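Structure at a glance
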Amino acid sequence: MDRRSVMRGVATMGVGAAAGAVAMGSTPAHAAGAGDDPYSVDVIAKGADPTGATPSDAAFRAAAAEVLASFQPGPISGAIPKKVLVIPPGNYLLTQPDSLLPGIDGKGNGGIVDGLSITGYGKRLSRIVYAPTADDTTLWTNYRRYKNIRISGLTFTSNNPTSSFCYAYSTDGGYGVQDTWYTDVEWRGSWKRGIGLDGPVDSPDHALPESDLNSEMGWDHCQIGGTYSEAFLVMGMKPTATQQDQFLNFWFRECKVEFKSGVFVKNNRGGSMNFIGGSYILTDPAAAGTFFQLGSEATTRADSVARLYAQGIRFELHNAAQKVIDSRWHKGTITFVSCDDTAVSHQSWTDGAVAHTYAFNAIGNSGPMVRYTDCALMGSHQVTTGSTPTTAGKVLYDGCRFIDMTKAVGTDDSSFLRWTGTAAPRHEIRDCLAGATYAADVKYPA
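The structure displayed is predicted, hence computed values, not measured ones.

Another aspect to go through is the pairing of strand β22 (residues 333–337). Here strand β19 (residues 306–311) runs beside β22; their pairing, made up of 5 bridges, is parallel. Among the inter-strand pairings, Gln311 is bridged to a residue of β22, identified as Val337.

A side chain with one charge may pair with a side chain of the opposite charge, provided their charged atoms come close. Under the definition given, this model contains 15 salt bridges. Where Asp184 meets Lys123, a salt bridge forms, and the shortest distance between an N and an O atom there is 2.9 Å. A residue pair is termed long-range when its members are at least 10 positions apart, and Asp184 in strand β11 (residues 180–198) and Lys123 in the loop between β6 (113–119) and β7 (126–130) qualify at 61 residues. Residue classification places Asp184 among the partly exposed residues on the basis of a relative accessible area of 25%. Taking relative accessible area as the criterion, Lys123 reaches 26% and is therefore assigned partly exposed. One salt bridge in this structure joins Arg314 and Glu316, with 2.6 Å as the shortest N-O distance. If you follow the salt bridges from partner to partner, you end up with Lys394, Asp398, Glu428 and Arg430 in one network.

Below, the discussion takes up the side chain of Ser261. Summarising the element assignment, Ser261 is placed in the loop between β15 (250–259) and β16 (262–267). By relative accessible area, Ser261 is classed as buried at 19%. Beyond its immediate sequence surroundings of up to four residues, Ser261 is in contact with Gly226, Thr227, Tyr228, Ala287 and Ala288.

Once that is clear, we can look at the sheet that holds strand β25 (residues 376–377). Overall, mixed pairing links the 4 strands, which are arranged β25-β28-β32-β33 in an open sheet. The sheet terminates laterally at β25 and β33 (437–438), the two strands that pair on one side only.

What follows concerns unusual backbone geometry. In this model, Tyr444 is joined to Pro445 through a cis peptide bond whose omega is -10 degrees. With respect to the helices, strands and loops of the structure, Pro445 is situated in the segment after β34 (442–444). Within the chain, Asp136 stands out as a residue other than glycine whose phi angle is a positive 55 degrees. With respect to the helices and strands, Asp136 occurs in the loop between β7 and β8 (138–143). Positive phi, close to 40 degrees, is recorded for Arg144, a residue that is not glycine. Mapped onto the fold, Arg144 is located in the loop between β8 and β9 (146–158). Given the relative accessible area of 13%, Arg144 is considered buried.

Below, the discussion takes up the environment of Asn91. Along the chain, the position of Asn91 falls in strand β5 (residues 90–94). Exposure remark for Asn91: the relative accessible area of 22% places this residue in the partly exposed category. Ignoring sequence-local partners within four residues, the contact set of Asn91 consists of Asp49, Pro50, Thr51, Gly52, Arg127 and Val129. Here the side chain of Asn91 touches Arg127 through a polar contact of 3.5 Å, side chain to side chain.

Okay, the nonpolar core next. Among the nonpolar cores identified, the biggest contains 95 residues, and Trp187, Trp219, Phe264, Phe292 and Phe336 are the most heavily contacted of them. In this view, Trp219 contacts Trp181, Tyr182, Trp187, Ile195, Phe232, Leu233, Phe250, Trp251, Phe252, Arg253 and Cys255; residues no more than four positions away in its chain are not counted.

Our next topic: the confidence of the model for the protein. Chain-level statistics for the protein give a pLDDT mean of 87 and a share of 84% at 70 or above. Confidence over residues 1–34 falls short of pLDDT 50; this stretch has 35 contacts with residues more than four positions distant or in other chains.

So, how was this worked out
- Residues numbered from 1 in each chain as written.
- Predicted model: local features only at pLDDT ≥ 70, side-chain atom pairs only at ≥ 80, totals over all residues.
- Heavy atoms only, no water.
- Pairing = 2+ DSSP bridges.
- Helix = DSSP H or I, 4+ residues; strand = E, 2+ residues; numbered from the N terminus.
- Salt bridge = Lys/Arg side-chain N within 4 Å of Asp/Glu carboxyl O.
- Buried < 20%, exposed > 50% of the residue type's maximum accessible area, 1.4 Å probe, protein only.
- Contact = heavy atoms within 4.5 Å.
- Polar contact = N/O pair within 3.5 Å; in protein donor to acceptor, adjacent residues only side chain to side chain.
- Core = buried A, V, L, I, M, F, W, Y, C linked by side-chain atoms within 4.5 Å.
- pLDDT = per-residue confidence, 0-100.

Written as structure tokens, this is what we have:
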């Protein structure tokens, strides 16, 4: 265990005792507001209302200011806060944007903050309700300032559907926002966007377009609920800008993605994304929704890394308009290993569902290498093609079960893999079950 983890554990235990003492009406170990705890800042000590009856914006801002003032020199870059921001059990009302952390430009205004921890006592124990008085606002803005962030043990709820949780903007020269980790964090309520990743438009000041703008982000044992009119995670807020590029190394591990409607991950450019384990459910049977939406706006450098990997996930859809994936990528790789979307295959509508769609004609006549291994799949899959043969990309199924269909490929309603144009995409079926019997292996071209 590293030194920061030890400090964090000590800080959490200390503030836990203090919070308990406050709740009992006695004097805490560290006097509220005295500032004599060298390792943590408690928002209640700054005047936050844990009942949610009154707004706690001023208290949260004061707590964040104290944490950000506790700098010590960083061995790699920037300045490292010595204190952890602690949010004890309670229901905290925030009504103003950037109340969680100040949305200050890190270039020329205090510089990069390298290492920052915000911790609650567990999701649904420490709860923050964002109820802004104005529309289209963001709870916290990371404007090329905060790196190596740890946020844990919290529930965030929005009651304004135009609100967003986080906007992260970065540029080259070290002003990135990489290494942001969420652990045991939950999102609920109605949002416009969960997290939006952005960067500058093309600039003549640079010999090459800027790249690697937002990288190394992870979600461990988190829960994504609610609704999203845009998406929970948007990668590439300016999709036509060349340097909205290289969204590298994103991990979702053992998460519960159980939201009502909208899009889970909207990747407008490209990047490397990993989704390991967990339960992914679109919970509203009357609403549309998509887990992975991959755009075709990138026609240049962004296709240098275009990778989606999903393993061991149970997908559950509740109507024929909901999708696991809707891809318009023209290159890269998309892989599903040991995934299952057949949870409701007993319903009458599932044989007409098309939950996995790929456009092999969005840019030229090409698509990614799409591979399904040891998966159970309902309904049918569709590839959009035209009259010209595929020049790149392929769809391959290995050891899968097509639970609703009796044929692997074809043009009739009993076929699993279908395409729209006169030219078939490259595809291969091997060792797969169609219904209860083995389907004939297929390879095209032979």
